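# Summary of the model geometry
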Amino acid sequence: MVRLALLHLGVGFAVGGLMLAHKAVFIHPAVPALLGWHIHALFFGWTLQLAFGVAYWIFPRLSSWGFRHPRGRPGPAWAALVLLNIGVALAGPGALVAGRPAETAGTLAELLAALAFGLHLWPRIRPALPGG
Amino acid sequence: MPALTRWCIRAALVNLLAALTVGVLLAVGLLPDPFRPVFYHLFMLGGVAQFIFGVAWWMFPPLSRERPRGNEAAGWAGFVLLNAGMLLRAVAEPAVALSPAPWVRVLLLLSAAALVAAGGVFAGLLWPRVKPRPGKEG
């Protein structure tokens, strides 16, 4: 998740830089349409995904509480990773090609990613135990 | 806490204060709408992203015993590029919208280049540190 967040950071900055440069000198009429990609890459692909990745790493482990997986169920966390990145791809570059339906599907995928990660993280919101 | 982290967090707090000041001035109509992108970027880029860079530089797993955080000079270059780019942008972006003189356009291009370079530098510095801590299962 953190590596993918860094990738979205690079892409989001590059897209934003292109849009900013377009304000200084005309580059192409389609450049302002990159705004959605810029926003989704940096809000969801970078900031939110980095928060998810660091939370997965840092939050209290569950081994002391009798859970099988020390970091909780990995399935929903992996689902969140896949859904979040599909969501940014659809709402960003996808929307440039397919318009509003892709943007809607992408935002829905981002919502499902947040739900999946919430499901993963919920049991880990507890005090840390020694050796936990 | 390393020096680069301290400076990133201080600069992030200054950016946050500047962002919210611009936000208040926009809300009461003392600044025109071309300042709105400056408000968003002072907040998310100068504030939030810079705060994240500072903490990640400090907390991410070390690269090695000899160079725990990697190339410090590149880290400082990223800090300067980000803040210089943000400052140029805060001046040049509304100026281009209000009165697009050629020299202001050059400033805006420079700010775009500086900000893209800063993002590349920070992503490149943090990338190799995304790994398990030494001796931990990860």
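It should be noted that the structure appears before, not after, this text.
## Some points on the overall build of chain A
- Across its full length, chain A carries 4 helices and 0 strands.
- Ordered by position from the N terminus, the helices and strands of chain A form the series α-α-α-α.
- Projected onto its principal axes, the C-alpha coordinates of chain A cover approximately 60 × 30 × 15 Å.
- Considering chain A as a whole, with its 132 residues, one finds that 42% of them fall into the buried category.
- Sequence separation of at least 24 residues holds for 71% of the intrachain contacts in chain A that already meet a minimum separation of 6.
- Roughly 6700 Å² of accessible area belongs to chain A as shown, and the carbon and sulfur atoms make up 76% of that amount.

## Here we look at the overall build of chain B
- Summing up its helical and strand segments, chain B has 4 helices and 0 strands in all.
- With the C-alpha coordinates aligned to their principal axes, the bounding extent of chain B is approximately 55 × 30 × 20 Å.
- Here chain B holds 138 residues, and 41% of them are scored as buried.
- Residue pairs in contact within chain B that sit at least 24 positions apart in sequence constitute 76% of those at least 6 positions apart.
- If you sum the accessible surface of chain B, you get close to 6900 Å²; carbon and sulfur atoms cover 73% of it.
- Between the averaged position of the 12 positive side-chain charges in chain B and that of its 5 negative side-chain charges there is a distance of 5 Å.

## Thoughts on helix H3 (residues 72-98) of chain B
- A rise of 1.5 Å per residue sets the reference length of H3 of chain B, with its 27 residues, at 39 Å; its end C-alpha atoms lie 39 Å apart and thus fit the reference within 8%.
- Contacts from the buried residues of H3 of chain B go to helix H1 (2-24) of chain A together with helix H1 (3-27), helix H2 (36-59) and helix H4 (102-126) of chain B.
- The backbone nitrogen of Ala73 of chain B has a side-chain oxygen 3.1 Å away, supplied by the residue at the start of H3 of chain B, namely Asn71 of chain B.

## A word on the interface of chain B and chain A
- Listed by partner, the interface residues are 29 residues for chain B and 21 residues for chain A.
- Carbon and sulfur atoms make up 77% of the area that chain B and chain A hide from each other, which totals about 2200 Å².
- The largest share of the area that chain B buries against chain A comes from Ile52, Trp127 and Val130 of chain B, three residues that together contribute 23% of it.
- Seen at the junction of chain B and chain A, the total is 1 salt bridge.
- Connecting chain B to chain A are 3 residue pairs in polar contact (both at pLDDT 80 or more).
- Those elements giving two or more residues to the side of chain B that touches chain A turn out to be H2, H3 and H4 of chain B.

## Examining helix H3 (residues 74-98) of chain A
All names here are of chain A.
- The axis of H3 is deflected most strongly, by about 35°, at Gly92, and proline Pro93 appears within four residues downstream.
- Three or more residues of H3 are buried, namely Pro76, Ala77, Ala80, Leu81, Leu84, Asn85, Gly87, Val88, Ala91, Gly92, Gly94 and Ala95.
- In this fold, the buried residues of H3 make contact with H1, helix H2 (35-58) and helix H4 (100-121).
- Gly99 sits one or two residues past H3 and shows a positive phi near 75°.

## A few points about the nonpolar core
- Within the largest apolar cluster, 38 residues are counted, with the highest numbers of intra-cluster contacts made by Leu9 and Trp46 of chain A together with Phe53 of chain B.
- Among the secondary structure elements, those contributing two or more residues to this core are H1 and H2 of chain A together with H1, H2, H3 and H4 of chain B.
- The contact partners of Leu9 of chain A, leaving out residues within four places of it in the chain, are Leu42 and Trp46 of chain A together with Phe53, Gly119 and Ala123 of chain B.

## Thoughts on the pattern of salt bridges
- The final tally for this structure, using the stated rule, is 4 salt bridges over all chains.
- Measuring nitrogen to oxygen at the nearest pair gives 3.6 Å for the salt bridge that ties Glu103 of chain A to Arg100 of chain A. One end of the pair, Glu103 of chain A, and the other, Arg100 of chain A, are both in helix H4, 3 residues apart, so they sit about a helical turn from each other.
- Classification of Arg100 of chain A as exposed rests on a relative accessible area of 62%.
- One salt bridge connects Asp33 of chain B with Arg36 of chain B, and the closest N-O pair in it is separated by 2.8 Å.
- On the accessibility criterion, Arg36 of chain B (30% relative accessible area) is partly exposed.

## A short note on the packing of H3 of chain B against H4 of chain B
All names here are of chain B.
- Relative to each other, H3 and H4 sit at 150°, their axes nearing to 7 Å. The orientation of H3 with respect to H4, classified from their angle, is roughly antiparallel. Between H3 and H4 the crossing geometry is left-handed.
- Here the contact of H3 with H4 is built from residues that sort into 20 nonpolar, 4 polar and 3 charged.

Analysis parameters
- Residues numbered from 1 in each chain as written.
- Chains lettered and ligands numbered in written order.
- Predicted model: local features only at pLDDT ≥ 70, side-chain atom pairs only at ≥ 80, totals over all residues.
- Heavy atoms only, no water.
- Helix = DSSP H or I, 4+ residues; strand = E, 2+ residues; numbered from the N terminus.
- Buried < 20%, exposed > 50% of the residue type's maximum accessible area, 1.4 Å probe, protein only.
- Contact = heavy atoms within 4.5 Å.
- Areas by Shrake-Rupley, 256 points an atom, 1.4 Å probe, with all protein chains shown as cover.
- Lys, Arg positive; Asp, Glu negative; His and termini not counted.
- Charge placed at Lys NZ, Arg CZ, Asp CG, Glu CD.
- Expected span 1.5 Å × (residues − 1).
- Polar contact = N/O pair within 3.5 Å; in protein donor to acceptor, adjacent residues only side chain to side chain.
- Buried area = accessible area lost by both parts, 1.4 Å probe.
- Salt bridge = Lys/Arg side-chain N within 4 Å of Asp/Glu carboxyl O.
- Bend = angle between axes of the 7 residues up to and from the residue.
- Core = buried A, V, L, I, M, F, W, Y, C linked by side-chain atoms within 4.5 Å.
- Axes fitted to C-alpha atoms, helices over the stretch in contact; angles between N-to-C directions.
- Parallel < 35°, antiparallel > 145°, perpendicular 65-115°, else oblique.
- Left-handed = near helix turned anticlockwise from the far one by under 90°.
- Nonpolar A, V, L, I, M, F, W, Y, C, P; charged D, E, K, R; others polar.

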